[in-house]
Amino acid sequence: MNDLNLKEKQSEFSFKISKKKDSCFPLMRSGTITTPHGDIQTPAFIPVATRATIKGVSPEIMRSIGAQALLANAYHLRLRPGENILDSAGGLGKFMNWNGPTFTDSGGFQVMSLGVGFKKVVAMSVQENSTSGNLLSKKKQQLAFIDQDGVTFKSHLDGSSLRFTPEISLEVQHAIGADIMFAFDELTTLFHTRDYQIESLKTRTHPWSVRSLQAHAELTRKRADKPYQALFAVLQGANFEDLRRQTSQYLSNVEVEGLDFDGFGIGGALEKERLGDIISWCTTELNSAGAEDKPRHLLGISAVSDLFLGVENGVDTFDCVSPAREARNGALYTPSGRINVKNAKYRADFTPVYDQCDCYTCANYTKSYLAHLIKSGEMFGATLATIHNERFILRLVDDIRESIQTGNYQEFKADFFARAE
Ligand SMILES: [Zn+2]
């Protein structure tokens, strides 16, 4: 086992760029990620199956509406059912009957969402609060405590204490068995000072990323009979151009026993208005460091316009909880924007959510019926609404990908935003 050639094992995962060099958007590209459980055509939208399920929708339906891969949450799966159950089942995909590639995040996001407790990454607004180094959300009790070695969580299920370090995160993620994993990092917020961001990178995110890669190399050796699991480093640095550039250079050059990071997540605190700039600082630097042919994942986008900004600046995959979460509240996507189907004007509207949509929901059900189900708290309403929203985003990203491949991206984008007005 110990003479396993890690570099050779790593080649079970690859990324091939098939189309790039748009005159207007030189960072934009389209390609294919190959994993042991199948390919992902990029750019791709990766629906979020936090607890190994898209609430109310089967993996078979997700596949039929065009999902190529799903992303689950290592922290939640560690709490319940426990990573060993997934390992015994043959990994996340087998466990949930998803016949395709999977992602897991590292648990790092919970450092922020349970620790300092602010909103989802790109939805942050700098106006909201002050500048202290270690702020707490007013609404939540602090459930995560950071030290230089890792993070201690208080379980939100039973209050028991739960430790995450880079080594533990990688052990959990290897046991869960997703094709793409993320290194354990500290997700800072926009409310942390520049000094805190620098300290976080230097004393936590960078060393933790190296330790994640070391643990990954060891576990890959130890579990040599398992399919290769790719590890992405996460680029932090908030809104600071120099920090984003430095971390991109640094993490694209890290190597342990011949293994380097298979790809990169762009994460952390970023101001929505500067999303395009922040992504381009990272991707430009990755290109110049010789990591152009490694996939980039934008962690947790919040709006449809983020997809366009991401693609234009060289992002290959995206995840977002919004389509499902908003669907359950009755907010449904259409080309002219989001409608709330619970609104009185839809009560007797016997047309589909969007007449050009090819989803099961729009083919068979009306806004009136959906409004009734969602207002009554019927499970079927959440299922139908989620199918529509997930299909809407998946199809949009499919169309974006096709337009890049055929060289019509700019026309497609102009059309899309013209319809949105
Ligand atoms: Zn639909």
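Definitions and limits used
Residues numbered from 1 in each chain as written. Predicted model: local features only at pLDDT ≥ 70, side-chain atom pairs only at ≥ 80, totals over all residues. Domains from an automatic or database assignment. Contact = placed C-beta atoms within 7 Å. Helix = DSSP H or I, 4+ residues; strand = E, 2+ residues; numbered from the N terminus. Nonpolar A, V, L, I, M, F, W, Y, C, P; charged D, E, K, R; others polar. Buried ≥ 20, exposed ≤ 12 C-beta atoms within 10 Å, placed from the backbone. Arc of directions from axis to C-beta. Pairing = 2+ DSSP bridges. Axes fitted to C-alpha atoms, helices over the stretch in contact; angles between N-to-C directions. Core = buried A, V, L, I, M, F, W, Y, C linked by C-beta atoms within 7 Å. Parallel < 35°, antiparallel > 145°, perpendicular 65-115°, else oblique. Left-handed = near helix turned anticlockwise from the far one by under 90°.

(A) Summary view of the domain arrangement of the protein chain. Parsing the protein chain into structural domains produces domain 1 (6-320) and domain 2 (329-412). Each partner contributes to the interface: domain 1 provides 22 residues, whereas domain 2 provides 20 residues. Elements represented by at least two residues in the side of domain 1 that touches domain 2 include exactly strand 3 (38-42), strand 4 (44-47), helix 2 (59-64) and helix 11 (304-312). A total of three residues in the side of domain 1 that touches domain 2 trace back to one element, the largest contributor, which is strand 4. Taken together, the residues that form the side of domain 1 that touches domain 2 break down as 14 nonpolar, five polar and three charged.

(B) Highlighting helix 14 (residues 367-375). Along helix 14, the positions that sit buried rather than exposed are K367, L370, A371, L373 and I374. One face of helix 14 carries all of its buried residues, which in axial projection span an arc of 165 degrees. In this fold, the buried residues of helix 14 make contact with helix 15 (379-405). Just downstream of helix 14 lies G377, where phi reads positive at about 70 degrees.

(C) Inspection of the sheet that holds strand 9 (residues 161-164) at higher detail. One open sheet accounts for three strands, arranged 7-8-9; its pairing is antiparallel. Here the strands that pair on one side only, and so sit at the sheet edges, are strand 7 (144-146) and strand 9. In this sheet, neighbouring strand axes are inclined to one another by 20 degrees on average, regardless of whether the strands run parallel or antiparallel. Bridge analysis of strand 8 (residues 151-154) against strand 9 gives four bridges, and the strand direction is antiparallel. The residue bridging F153 from the neighbouring strand is L162, located in strand 9.

(D) Here's a closer look at the sheet that holds strand 3. Read from one edge to the other, the open sheet built from three strands follows the order 1-2-3, with strand pairing classed as antiparallel. The open sheet has two edge strands with one neighbour each: strand 1 (14-20) and strand 3. Strand-to-strand twist of the sheet, defined as the mean angle between neighbouring strand axes without regard to direction, takes the value 15 degrees. Of the pairings in the sheet, the one linking strand 1 to strand 2 (residues 29-35) comprises six bridges and is antiparallel in character.

(E) Structural detail: the environment of S252. Structurally, S252 can be placed in helix 9 (residues 241-252). Here the alpha-carbon distance between S252 and A233, two residues 19 residues apart in the chain, equals 8.4 Å. For S252, the contacting residues outside a window of four places in its chain are L286, A289 and A291.

(F) View of the nonpolar core. L70, A183, F232 and L370 are the most contacted members of the largest nonpolar core, which has 106 residues in total. Per-element accounting of this core gives the leading share, ten residues, to helix 15. Taken domain by domain, this core gets at least three of its residues from each of domain 1 (6-320) and domain 2 (329-412).

(G) Representation of the pairing of strand 8 within the structure. Burial along strand 8 is one-sided: the residues V151 and F153 are buried and none of T152 and K154 is. For strand 7 and strand 8, the ladder comprises three bridges, and the chain directions are antiparallel. Considered in strand 8, the bridge of A144 is made with F153. Linkage of strand 7 to strand 8, two consecutive antiparallel strands, is achieved through a turn of four residues.

(H) How the structure looks around the environment of K19. Note on placement: K19 falls in strand 1. Residues K19 and R29, spaced ten residues apart in sequence, show a C-alpha to C-alpha distance of 5.5 Å. Those residues in contact with K19, other than ones at most four positions away along the chain, are R29, S30, I404 and Q405.

(I) Representation of unusual backbone geometry within the structure. In this chain, T42 is followed by P43 through a cis amide linkage whose omega measures 0 degrees. Note that P43 resides in the loop between strand 3 and strand 4. Unusually for a residue other than glycine, A52 sits at a positive phi of about 65 degrees. The residue A238 is not glycine, and still its phi comes out positive at about 50 degrees.

(J) Summary view of the packing of helix 8 (residues 194-222) against helix 9. Their axes nearest at 12 Å, the elements helix 8 and helix 9 cross at an angle of 15 degrees. Relative to helix 9, the element helix 8 is oriented roughly parallel. The way helix 8 lies across helix 9 gives a crossing that is right-handed. Contacts from Q197, I198, L201, H206 and S209 in helix 8 reach L243, T247, Y250 and L251 in helix 9. Of the residues belonging to the contact of helix 8 with helix 9, the class tally is five nonpolar, four polar and no charged.

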